[in-house]
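Remarks on the overall topology
The residues making up each chain are set out below.
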Amino acid sequence: MAPSNKYNVGIVGYGLSAKVFQIPFVALTDSLVLHSIVQRSPSPGNSAPEDHPSVKHFTSIEPMLADPDVDVIIISTPPNTHYETARDALRNGKHVLVEKPFVPTSSQAEELAALAKEKKRILCVYQNRRWDSDFLTVQKLLREGTLGRIVEFETHFDRFRLEKPTTWKGQLGMDQAGGVLYDLGTHLLDQVYVLFGMPSSVSAKFLNQREGRIVTGESDESQQPDSISAVLAYADSGLLVHVRISVVSVETKQPRFRIRGTKGSYQKAFLDPQEDQLRGGMAATDARFGKEDESRYGRLCYVTEDGKIADKVYPTVEPETYTKIFEGFAKALETGNEEDIPVTASQAAKVLKIIEALRESAKTGRDVAP
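Residues numbered from 1 in each chain as written. Predicted model: local features only at pLDDT ≥ 70, side-chain atom pairs only at ≥ 80, totals over all residues. Heavy atoms only, no water.

Under an unreviewed UniProt entry, the name given to the protein is Oxidoreductase, and the organism recorded is Sordaria brevicollis.

1. Structural notes on helix H11 (residues 323-335)
The α-helix winds at 3.6 residues per turn, so residues separated by three or four positions along the chain end up facing the same way. Note the following rule: Runs of E in the DSSP output that reach at least two residues are strands. Runs of H or I that reach at least four are helices, and both are numbered from the N terminus. Here the expected span of a helix is defined as 1.5 Å times the quantity of residues minus one. Throughout, a contact is declared for two residues whenever any of their heavy atoms are within 4.5 Å.
The end-to-end C-alpha separation of H11 is 19 Å, in line with the 18 Å expected for 13 residues at 1.5 Å each. For H11, the secondary structure elements touched by its buried residues are strand S1 (7-12), helix H1 (16-28), strand S2 (32-38), strand S4 (72-75), strand S5 (95-99) and strand S6 (123-126). Note on H11: the residue one or two positions beyond its end, Gly336, has a positive phi of about 75 degrees.

2. With respect to the pattern of salt bridges
Quick reminder of the rule: We define a salt bridge as a contact between a side-chain nitrogen of Lys or Arg and a carboxyl oxygen of Asp or Glu at a distance within 4 Å. Relative accessibility thresholds used throughout: buried, under 20% of the residue-type maximum; exposed, over 50%; partly exposed, between the two (1.4 Å probe, protein chains only).
This structure, assessed with the given rule, holds 25 salt bridges. Salt-bridge contacts for Asp226 lead to Arg210; the nearest nitrogen and oxygen are separated by 3.6 Å. Here Arg210 lies in the loop between strand S8 (201-208) and strand S9 (213-215) and Asp226 lies in the loop between S9 and strand S10 (227-234), a separation of 16 residues in the sequence. Here Arg210 falls in the partly exposed class, since its relative accessible area comes to 26%.

3. Observations regarding the side chain of Lys100
The topology assignment puts Lys100 in the loop between S5 and helix H5 (106-119). Apart from residues lying up to four places away in sequence, Lys100 is in contact with Val125, Tyr126, Gln127, Asp183, Thr186 and His187.

4. Focus: the UniProt feature "domain: Gfo/Idh/MocA-like oxidoreductase N-terminal" (unreviewed entry) in the protein
What counts, and what does not: UniProt positions are given in the numbering used here, feature names are shortened, and annotations may be inferred rather than shown by experiment.
In the UniProt entry, the feature "domain: Gfo/Idh/MocA-like oxidoreductase N-terminal" (unreviewed entry) is given for residues 8-126. The straight-line gap between the two end C-alpha atoms of residues 8-126 is 18 Å; of that span, 39% is helix and 24% is strand.

5. A short note on the sheet that holds S5
Filter applied, for reference: Here a strand pair is declared whenever DSSP counts at least two bridges between the two strands. Axis definition: a line fitted to C-alpha atoms, over the contacting stretch in the case of helices. Angles run 0 to 180 degrees between N-to-C directions.
Within the open sheet, the 6 strands sit side by side as S3-S2-S1-S4-S5-S6. Their pairing is parallel. Unpaired on one side and paired on the other, strand S3 (56-58) and S6 mark the two borders of the sheet. Along the sheet, successive strands turn relative to each other by an average axial angle of 25 degrees, direction set aside. Direction of pairing for S5 relative to S6: parallel, over a ladder of 4 bridges. From the neighbouring strand, Glu99 faces S6, where its bridge partner is Tyr126.

6. A closer look at the packing of aromatic side chains
Selection rule: Between rings of Phe, Tyr and Trp, where Trp is taken as its six-membered ring, a pair exists when centres lie within 6.5 Å; planes separated by under 30 degrees are stacked, by over 60 edge-to-face, and by other angles tilted. We call a charge positioned over a ring when the NZ of a Lys or the CZ of an Arg lies within 6 Å of the ring centre and within 35 degrees of the ring normal.
Under the counting rule described, the total for this entry stands at 6 aromatic pairs. Summarising the aromatic geometry, the rings of Tyr266 and Tyr314 are spaced 6.1 Å apart at their centres and angled 80 degrees between planes, so their arrangement reads as edge-to-face. Taken together, the residues Tyr266 in strand S13 (residues 264-269) and Tyr314 in strand S15 (residues 309-314) connect sequence positions 48 residues apart. For Tyr314, a relative accessible area of 10% corresponds to the buried category. Members of the aromatic cluster, joined through ring pairs, are Phe153, Phe196, Tyr234 and Phe257. Seen from the ring of Phe257, Arg256 lies directly overhead, with NZ or CZ sitting 4.0 Å from the centre. One Lys or Arg, Lys312, reaches over the ring of Tyr302 and ends 5.2 Å from the middle of that ring.

This is the structure:
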């Protein structure tokens, strides 16, 4: 059924996220219409007015917020700007979709969630990796009980990146939601939260693998990590979740998931292909989009009926793709129901509480309850 309303969308920021992960998907969502873009300093070869001549353009956010024709604001700027921009957008009666990492602190996330409720506006966080095909495969395995009771869950985001990023990801400290814990860790921890909820306690070591040092994560630049090794404990079930991020991982098949249960185990390498496909210019409408080559499928080990252990290739599920987060967001705009929001601010606040507990553990050396 076609949507009954159309919603004009304003994009704040014109970097990779806006160009690759936001604007193309707005165009694919029936009820969303690209209305305007804020780009502070257009330049030849990087110009929203040149790329999108049919929409309105601003060099600051204030005129966009004041424009009564703008219904939705998508915030696609560095994370240290997210809180104030989202707050001002909600105060101006706009619905809001915020790129991850959401905001620097859980208290800010809770404040924005309360403000959205007060203003009766939809506030969604762009945790697109909930729609990674490998994560959907893991959800299927757990939902169907194929692995039995899960005793150990390992999730990785490993790379071989000896050069520090020159973007906000390498320049902003964790107090401003910069760095690897907020950039990549947010993805991994959000997925763990979706699967298992809040842990009873966490412990973490922060590392600067590029320089070969254990760091505390405190505000001084020398103490900012580029890699993370964390354990989330679930006392009620005896489950341990290992979260690992490395920039010094020389592998042809980077690990992604390793899961052990009472009936079987599952191992998966490689990241979901959607990001690389989008960066490479593939459209989300391409028949190949999101589909993984069979050579990248995971392996399932399982206990046979006669008590022996066998293994087989386990196909990755057919992708739902990142179109789903925009379809869900559009549905929430239509219904106004919080339960239709794909990723709520309250959920993002819970993930931020886990992050804050990990930071405290890395600083003190103790287990911390989030």
